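Residues per chain are reported as follows:
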Amino acid sequence: MTIAVCIDDKNGMLFNNRRQSQDRVLIEDLVALSNGRKISISPFSKELFAGDEVCIVEEHFPDKADEDTICFVENIDLTAYADKIQKIILYRWNRHYPSSLKFKLDLSPYTLTEQTDFPGSSHEKITREVYVR
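Everything numeric in this text was worked out from a predicted model, so none of it was measured.

A. Focus on unusual backbone geometry. Backbone geometry places Asn-16, a non-glycine residue, at a positive phi of 50°. Relative to the helices and strands, Asn-16 is located in the loop between strand S2 (12-15) and strand S3 (18-19). Phi at His-60 takes a positive value of approximately 55°, unusual for a residue other than glycine. Relative to the helices and strands, His-60 is located in the loop between strand S5 (55-57) and helix H2 (61-64).

Okay, structure coming up:
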């Protein structure tokens, strides 16, 4: 499975059951990067992908994911899925926000294969990093 996650400078993902930030250009980037593959999301993330036909909204979506699935994760601790994750698309906000849920996956088994900066709709610079096991 491939996961896509947005984090701040201290690996924060979520604060008090609210996303730290949202960015329209980041979502467009992920949809383009999916190259037509389906992106599984939780009901929590549905509003970010309004109108995008590539999304499948379902509860417990990482449990159902196979090797071709891209899972956009905002509000789930991913450590239980570590053995299943083959690729990580990490979007960095390049800011520090308060957080109550952190990205805890160890990146040492992965190789950084791509790093790209782009301007977002709400952030001057967003960094996309792609890691492959």
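B. Region of the structure containing empty space enclosed by the protein. Inspection of every chain in the model, using the stated rule, returns one cavity of 30 Å³ or more. By volume, the largest cavity is sized at about 100 Å³. Residue lining of the largest cavity: 14 residues in total, with Cys-6, Ser-21, Phe-72, Glu-74 and Trp-93 positioned closest to the centre. Secondary-structure elements contributing two or more residues to the lining of the largest cavity are helix H1 (24-34) and strand S6 (70-73). Taken together, the residues of the lining of the largest cavity sort by class into eight nonpolar, three polar and three charged.

C. Region of the structure containing the packing of aromatic side chains. As enumerated under the stated definition, the model contains two aromatic pairs in all. An angle of 70° between the planes, with centres 5.2 Å apart, marks the rings of Phe-49 and Phe-72 as edge-to-face. In this pair, Phe-49 is assigned in the loop between strand S4 (39-41) and S5 and Phe-72 in strand S6, connecting sequence segments 23 residues apart. For Phe-49, a relative accessible area of 3% translates into the label buried. Each ring, one from Tyr-91 and one from Phe-118, has its centre 6.3 Å from the other, and the planes form 90°; the classification is edge-to-face. Separated by 27 residues along the polypeptide, Tyr-91 in strand S7 (residues 87-92) and Phe-118 in strand S9 (residues 111-118) bring together distant segments of the chain. The exposure classification of Tyr-91 matches that of Phe-118, with both residues buried. Lying across the ring of Phe-44, Arg-19 places its NZ or CZ 4.8 Å from the centre.

D. Here's a closer look at the environment of Ile-56. Inspection of the secondary structure puts Ile-56 in strand S5. With 57 residues separating them along the chain, Ile-56 and Thr-113 place their C-alpha atoms 27 Å apart. Apart from the residues lying within four places of it in its own chain, the contact partners of Ile-56 are Lys-38, Ile-39, Ser-40 and Ile-41.

E. Inspection of the pattern of salt bridges at higher detail. A complete count under the given rule lists eight salt bridges for this structure. The salt bridge involving Glu-114 is made with Arg-128; its shortest N-O contact spans 2.4 Å. Note that Glu-114 is positioned in strand S9 and Arg-128 in strand S10 (residues 126-132), a separation of 14 residues in sequence. Residue classification places Glu-114 among the partly exposed residues on the basis of a relative accessible area of 27%. When its relative accessible area of 8% is taken as the criterion, Arg-128 is described as buried. Three or more residues joined by partner-sharing salt bridges are found here, namely Arg-19, Glu-47 and Glu-74.

How each quantity is defined
Residues numbered from 1 in each chain as written. Predicted model: local features only at pLDDT ≥ 70, side-chain atom pairs only at ≥ 80, totals over all residues. Heavy atoms only, no water. Helix = DSSP H or I, 4+ residues; strand = E, 2+ residues; numbered from the N terminus. 1 Å grid on protein atoms, 1.4 Å probe; cavity = no way out; pocket = protein on both sides within 12 Å on 5 of 7 lines; lining within 4 Å. Points joined across faces, edges and corners; volume = space filled by probe spheres on them. Nonpolar A, V, L, I, M, F, W, Y, C, P; charged D, E, K, R; others polar. Phe/Tyr/Trp six-rings, centres within 6.5 Å; stacked < 30°, edge-to-face > 60°. Buried < 20%, exposed > 50% of the residue type's maximum accessible area, 1.4 Å probe, protein only. Lys NZ or Arg CZ within 6 Å of the ring centre and 35° of its normal. Contact = heavy atoms within 4.5 Å. Salt bridge = Lys/Arg side-chain N within 4 Å of Asp/Glu carboxyl O.

Just distances and angles here, no functional claims.
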